[in-house]
Amino acid sequence: MKFKELEYFQDASFCFIQDDKFKRKLMPDQEQYDYFLKNMSHERCTVVDNLASLALSGFFFNAEHRFVSGLFNLISDFGESSFEINKREGRSVNISFHLPVSVARTYFLGVPPDAEIVKAGLSQTVARFQKERRTTSHVSDIRELIDAIFSSFLAHDLESAEELLSVRKNVKTFPFMDSLAREMLKCATYETVANKKIIRFHSDSVKSNFVKLLDAHRDWTRKRFMQTYPNEYCCYLAEPFLASYCLAWIYLQSFAPEPIFHVSKADMRLILTDTTAQ
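Residues numbered from 1 in each chain as written. Predicted model: local features only at pLDDT ≥ 70, side-chain atom pairs only at ≥ 80, totals over all residues. Heavy atoms only, no water.

A.B. asks: For this particular structure, what's the right way to read the pairing of strand 1 (residues 188–193)?
C.D. replies: Across six bridges, the pairing between strand 1 and strand 2 (residues 196–201) is antiparallel. Paired with Val193 across the strands is Lys196, a residue of strand 2. (Pairing = 2+ DSSP bridges. Helix = DSSP H or I, 4+ residues; strand = E, 2+ residues; numbered from the N terminus.)

Now the structure itself:
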């Protein structure tokens, strides 16, 4: 693997054998595109993260360009308005709308998800959890809280991470991820690199645990994650492929010996799947 510090990953290639199940679940086709076109065009789609994961896997595994670009265009065009519709109708405010939009607008450039778009979603998510601080107890709410915390690290927003971590003293349904996030916050500092204000983490043990979390997401079936963390309620974003992509960018920018802001499609596919294009 090109990135030497990630060489001790478990081999993930067997998880991405392109059998019928893989193609059915991870390779977008006309039927899936038509389904999302119908839902997104009505601005009421509540599965934008699922759509982003499907489009992203299609991109890395060379699905038909018209489906991949079409799905990402739907996310880019309707993701934020879907967020506003769901908010207006009283559904929970979470990061699963803005984060996919940030990926949709940058994936083809080989650069990190757009941090400003993620921050726009975080500002409202933080406000929601501050308001609901005393009533945040349902596992689905806590999952959205955990998602927002790690998305804060992706967006280089320590202030949001700190606010979100203060909502609950501990999260029993996410013992590892909650503990890791708190340790990440403790060892984090802002640094300016290439005119970019980014988070850098300074702890070998935190880095080791973060890489373990990233590695556990490198299996789209979730089996590796569940085996590694049997006490965690759910993986990050509930979509392992989208999650591993975002976690990889946190690693590359904030943990790697030197921050990395551009990765080729081939290198990112290798990081995520241990496979090369056929």
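A.B. asks: Looking at this structure, I do not really get a positive patch on the surface. What am I missing?
C.D. replies: A cluster of like positive charges, contributed by Lys21, Arg24, Lys25 and Lys223, occupies part of the molecular surface. Tracing the sequence through the fold places Arg24 in helix 1 (residues 20–26). (Patch = residues over 30% accessible without salt bridge, like charges linked within 9 Å, V, L, I, M, F, W, Y side chains within 5 Å. Areas by Shrake-Rupley, 256 points an atom, 1.4 Å probe, with all protein chains shown as cover. Salt bridge = Lys/Arg side-chain N within 4 Å of Asp/Glu carboxyl O. Lys, Arg positive; Asp, Glu negative; His and termini not counted. Charge placed at Lys NZ, Arg CZ, Asp CG, Glu CD.)

A.B. asks: Help me understand the side chain of Ser254, please; the structure alone is not making it clear to me.
C.D. replies: Within the secondary structure layout, Ser254 lies in helix 12 (residues 240–255). Using a relative accessible area of 1% as the deciding quantity, one classes Ser254 as buried. With residues up to four places along the chain from it excluded, the contact list for Ser254 reads His156, Ile199, Arg200 and Phe201. (Buried < 20%, exposed > 50% of the residue type's maximum accessible area, 1.4 Å probe, protein only. Contact = heavy atoms within 4.5 Å.)

A.B. asks: Looking at this structure, I do not really get the pattern of salt bridges. What am I missing?
C.D. replies: Where side chains of opposite charge bring their charged atoms close, a pairing between them can arise. Counted according to the given criterion, the structure contains eleven salt bridges. Residue Asp141 is joined to Arg128 by a salt bridge in which the shortest nitrogen-to-oxygen separation is 2.9 Å. Residue Asp141 is located in helix 7 (residues 139–154), and its partner Arg128 is located in helix 6 (residues 115–131); the two are separated by 13 residues in the primary sequence. Of the two residues, Asp141 and Arg128, neither departs from the other in class, the shared state being buried. One salt bridge in this structure joins Asp178 and Arg182, with 3.0 Å as the shortest N-O distance. Of this pair, Asp178 and Arg182 both sit in helix 9 (residues 175–186), four residues apart, which is roughly one turn of that helix. Connected via shared salt-bridge partners are Arg128, Glu132, Asp141 and Glu144.

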